[in-house]
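What follows is each chain in one-letter form.
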Amino acid sequence: QVQLVESGGGLVQAGGSLRLSCVASGRTFGSSTMGWFRQVPGKDRDLVATIDWGGSSTYYADSVKGRFTISRGNAKNTVFLQMNSLKAEDTAVYYCAVKLYYTALFRTPEDYDYWGQGTQVTVSS
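For clarity, every value in this text was computed on a predicted model and none was experimentally measured.

Novice: Which residues make up the environment of Asp-46, and what are the values?
Specialist: Residue position: Asp-46 is located in strand β5 (residues 46–51). Since its relative accessible area comes to 45%, Asp-46 is described here as partly exposed. C-alpha of Asp-46 to C-alpha of Tyr-94: the two residues are 48 residues apart in sequence and 9.5 Å apart in space. Ignoring sequence-local partners within four residues, the contact set of Asp-46 consists of Trp-36, Phe-37 and Arg-38.

Novice: Would you mind going over the packing of aromatic side chains in detail, with residue names and values included?
Specialist: What characterises a pair of aromatic rings is the spacing of the ring centres plus the angle enclosed by the ring planes. Enumeration over the complete set of coordinates arrives at 5 aromatic pairs. Centroid distance Tyr-102 to Phe-106: 6.3 Å. Interplanar angle 85 degrees. Geometry classified as edge-to-face. Judged by relative accessible area, Phe-106 falls into the buried class, the value being 18%. By the ring-pair criterion, three or more aromatic residues cluster together here, those being Phe-37, Tyr-95, Tyr-112 and Trp-115. The residue whose ring lies beneath Arg-45 is Tyr-95, and the NZ or CZ to ring-centre distance is 3.6 Å.

Novice: How would you explain the sheet that holds strand β7 (residues 68–72) if you had to name every residue and give the values?
Specialist: If you walk across this open sheet you meet the 4 strands as β1-β3-β8-β7, and the pairing is antiparallel. Each end of this open sheet is capped by a strand with a single partner; those strands are β1 (2–7) and β7. Geometrically, the sheet is characterised by an average inter-axis angle of 15 degrees between neighbouring strands, direction not taken into account. Pairing geometry for β1 and strand β3 (residues 18–26), over 6 bridges, is antiparallel. Note that in β3 the partner of Ser-7 across the bridge is Ser-21.

So, how was this worked out
By convention here, each chain's residues receive numbers from 1 onward along its written sequence. The predicted nature of this model means local features are confined to residues of pLDDT at least 70 and side-chain atom pairs, given and counted, to a pLDDT of 80 or more, with totals for whole chains, interfaces and linings taken over all residues. With hydrogens and water set aside, each side-chain value is computed from the structure's full complement of heavy atoms. A run of DSSP states H or I qualifies as a helix once it reaches four residues; a run of E qualifies as a strand once it reaches two. Both are numbered from the N-terminal end. With a 1.4 Å probe rolled over the protein chains alone, any residue whose accessible area is under 20% of its type maximum counts as buried; one over 50% counts as exposed, and the rest are partly exposed. Any two residues whose heavy atoms approach within 4.5 Å at even a single point are treated as in contact. Two aromatic rings, drawn from Phe, Tyr or Trp (for Trp, its six-membered ring), form a pair once their centres lie within 6.5 Å of each other, and the interplanar angle then sorts them: stacked below 30 degrees, edge-to-face above 60, tilted otherwise. Whether a charge sits over a ring comes down to the Lys NZ or Arg CZ being within 6 Å of the ring centre and within 35 degrees of the ring normal. We treat two strands as partners when DSSP finds at least two bridges between them. Axes here mean lines fitted to C-alpha atoms, for a helix over just the part in contact, with angles spanning 0 to 180 degrees between N-to-C directions.

Remember that the coordinates give geometry; whether it matters functionally is a separate question.
This is the structure we're talking about:
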């Protein structure tokens, strides 16, 4: 079993920045893919960004390209999402997820094995 805990959400004005963190604990795992998704009430959970095991390959949703940056910590069990130039439409619950034993840029929620509890990001306009 793997536990994921997100932090760093909050309320920010449009144009501001937030940095989300996610720490994985529990079962030791080798290579993995980690990703950030977001969801608003009544809508599907959408991919924001994903990163491979080494941290050299990333994928971003078009809506966040150039504004958000995903990265992994040196210990590989942490993932960060630096969010700049935030817009009102970025308001959502943000979830961290991990796909074990594979390192590829998985893009759909069904691909991932474990999820965090989510952290609310609210951008006021």
